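Analysis of the macromolecular model
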Amino acid sequence: MKLLILCLLVLYNAALIRTLDTASVSLLDTPNILETDSFRAMRLGPAVSSRDWIDCEELATLMLGHEMDLSRLKRLPGISLRIGPANRGVLFRLADGYRTVLSDLKCFPVPELFDPSVPEITYEDSWKDERSYGGERNHEGCDVMGDNLPSGFYPVVSMTDGTVEKIGWLEKGGYRIGIRSPSGAYFYYAHLSRYAGGLCEGTDVHAGELLGFMGDSGYGPEHTTGKFPVHLHVGIYLKTAHCEELSVNPYWILRYLEKKRTRARYLPETVVLFRGF
């Protein structure tokens, strides 16, 4: 009987295994998988975002087996995928892409509040939504909204260790700061009301370090404010073979970071941060 059960288990596991080839997933036809809309959408889904840690090679394998979209899965499937030799290069490039984006992440960009009377932040998947200021374009980020509290209230912290690569005014981004993380991704924080002290290009920062405060700056010459509600625009960019700044969707990445929030206590004219990692 034990032998029969063992044989049935072997047959069952064999039935779960699928071999992935170029005929089954059309996006493997391109060698530049990081530049496809499927990769850029970063549809990690709740089953992935709820994890404490992500294995990037496992994630790449699952994404290839599910047409780059895990957002409809309530839990990760128990299916093993054998990647044929012809597709291993694609798998490795994809895993490297996820590793560049995900491996340096340590905390959510807006700390959790000690004061329960203060409204929480909200955000939704607005990546590639239409925008019209400065011409028709797509939204390259995710907006974390401050629930109508005044500009300069919510602190903004770095999601990663890294180096300040850009800081200052942009017409569309207002007061913004861009951090290059050790693995190479560029994390962009825009529409700030003001910066934390001591930041300039070349400054090293640590995850959880104060960068500035959420605001409504932008959409005009320097010092322009009030053109839209107070919020933080989060953008994530990669360098690829053909693109200096390729945007990827931050939404599910922020969902993943929700359980990695620092805490803060708000005091007049200052904020006290408490790091929890």
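Everything in this summary refers to the structure shown in the same document. Keep in mind the model is a prediction, meaning the values are calculated, not measured.

Rules used throughout
- Residues numbered from 1 in each chain as written.
- Predicted model: local features only at pLDDT ≥ 70, side-chain atom pairs only at ≥ 80, totals over all residues.
- Heavy atoms only, no water.
- Helix = DSSP H or I, 4+ residues; strand = E, 2+ residues; numbered from the N terminus.
- Buried < 20%, exposed > 50% of the residue type's maximum accessible area, 1.4 Å probe, protein only.
- Contact = heavy atoms within 4.5 Å.
- Areas by Shrake-Rupley, 256 points an atom, 1.4 Å probe, with all protein chains shown as cover.
- Axes fitted to C-alpha atoms, helices over the stretch in contact; angles between N-to-C directions.
- Parallel < 35°, antiparallel > 145°, perpendicular 65-115°, else oblique.
- Left-handed = near helix turned anticlockwise from the far one by under 90°.
- Core = buried A, V, L, I, M, F, W, Y, C linked by side-chain atoms within 4.5 Å.
- 1 Å grid on protein atoms, 1.4 Å probe; cavity = no way out; pocket = protein on both sides within 12 Å on 5 of 7 lines; lining within 4 Å.
- Points joined across faces, edges and corners; volume = space filled by probe spheres on them.
- Salt bridge = Lys/Arg side-chain N within 4 Å of Asp/Glu carboxyl O.
- Polar contact = N/O pair within 3.5 Å; in protein donor to acceptor, adjacent residues only side chain to side chain.
- Nonpolar A, V, L, I, M, F, W, Y, C, P; charged D, E, K, R; others polar.
- Pairing = 2+ DSSP bridges.

Another aspect to go through is the overall build of the protein chain. In terms of helices and strands, the protein chain carries six helices and 17 strands. The buried share among the 277 residues of the protein chain stands at 49%. Restricting the contact set of the protein chain to residue pairs at least 6 apart, pairs at least 24 apart contribute 68%. For the protein chain, the accessible surface area stands at approximately 13800 Å², while carbon and sulfur atoms represent 52% of it.

The subject of this paragraph is the packing of helix α4 (residues 56-65) against helix α5 (residues 88-102). One way to put it is that α4 packs onto α5 with a least axis distance of 8 Å and a crossing angle of 125°. In terms of orientation, α4 lies oblique with respect to α5. Crossing hand, α4 versus α5: right-handed. Residues Cys56, Glu57, Leu59, Ala60, Thr61, Met63 and Leu64 of α4 pack against Val90, Leu91, Phe92, Leu94, Ala95, Tyr98, Arg99 and Leu102 of α5.

By size, the foremost hydrophobic cluster in this structure holds 68 residues, and its most contacted members are Tyr98 and Leu102. Tallying contributions element by element places α5 first for this core, with seven residues. Setting aside anything within four residues of it in sequence, one finds Leu102 in contact with Leu44, Ile54, Cys56, Leu59 and Ile253.

With that settled, the discussion passes to the layout of surface pockets. For the largest pocket, the calculated volume is near 610 Å³. Lining the largest pocket we find 27 residues, and of these Lys172, Gly173, Tyr188, His233 and Tyr237 sit closest to its centre. For the lining of the largest pocket, the secondary structure elements donating two or more residues are β6 (137-138), β7 (142-145), β9 (162-170), β10 (174-180), β11 (186-195) and β14 (231-238). Here the element with the most residues in the lining of the largest pocket is β11; it accounts for four residues.

Counted under the stated rule, the structure contains nine salt bridges. Arg72 is the salt-bridge partner of Asp69, the closest N and O atoms lying 2.8 Å from each other. Two residues, Asp96 and Arg99, come together in a salt bridge whose shortest N-O distance is 2.6 Å. You can see Asp96 and its partner Arg99 sitting in helix α5, three residues apart, about one turn around the helix. Classification of Arg99 by relative accessible area gives partly exposed; the value is 33%.

When you line up the elements, Ser71 lands in the loop between α4 and β2 (81-83). Overall, Ser71 belongs to the partly exposed group, its relative accessible area being 26%. In the structure, Ser71 is positioned 26 residues away from Gly45 in sequence and 3.5 Å away in space, judged by C-alpha atoms. If we skip the residues at most four places from it in the chain, Ser71 touches Arg43, Leu44, Gly45, Pro46 and Trp252. A distance of 2.5 Å separates a polar atom in the side chain of Ser71 from a polar atom in the side chain of Asp69.

The next thing to look at is the side chain of Ser49. Note on placement: Ser49 falls in helix α3 (residues 45-49). Among the polar contacts made by the side chain of Ser49, one reaches the main-chain carbonyl oxygen of Pro46 at a distance of 3.4 Å. Those residues within four positions of Ser49 in sequence are excluded, and the remaining contacts are Trp252, Arg255, Tyr256 and Lys259.

Turning our attention to empty space enclosed by the protein. Tallying each qualifying case throughout the model produces one cavity of 30 Å³ or more. What lines the largest cavity is Val48, Arg51, Ile54, Asp55, Glu58, Leu59, Leu62 and Leu76. Of the residues forming the lining of the largest cavity, the biggest block, three residues, is contributed by α4. Tallied by class, residues from the lining of the largest cavity come to five nonpolar, no polar and three charged.

Next up on the list: the pairing of strand β13 (residues 210-214). For β13, the buried fraction is high: five of the five residues fall into the buried class. In this sheet, β13 lies alongside strand β8 (residues 155-157) in antiparallel orientation, the contact comprising three bridges. Its bridge partner lying in β13, Val156 is registered against Gly212. As paired elements, β11 and β13 share three bridges and run antiparallel to each other. In the sheet register, Leu192 faces β13, and the bridge partner there is Met214.

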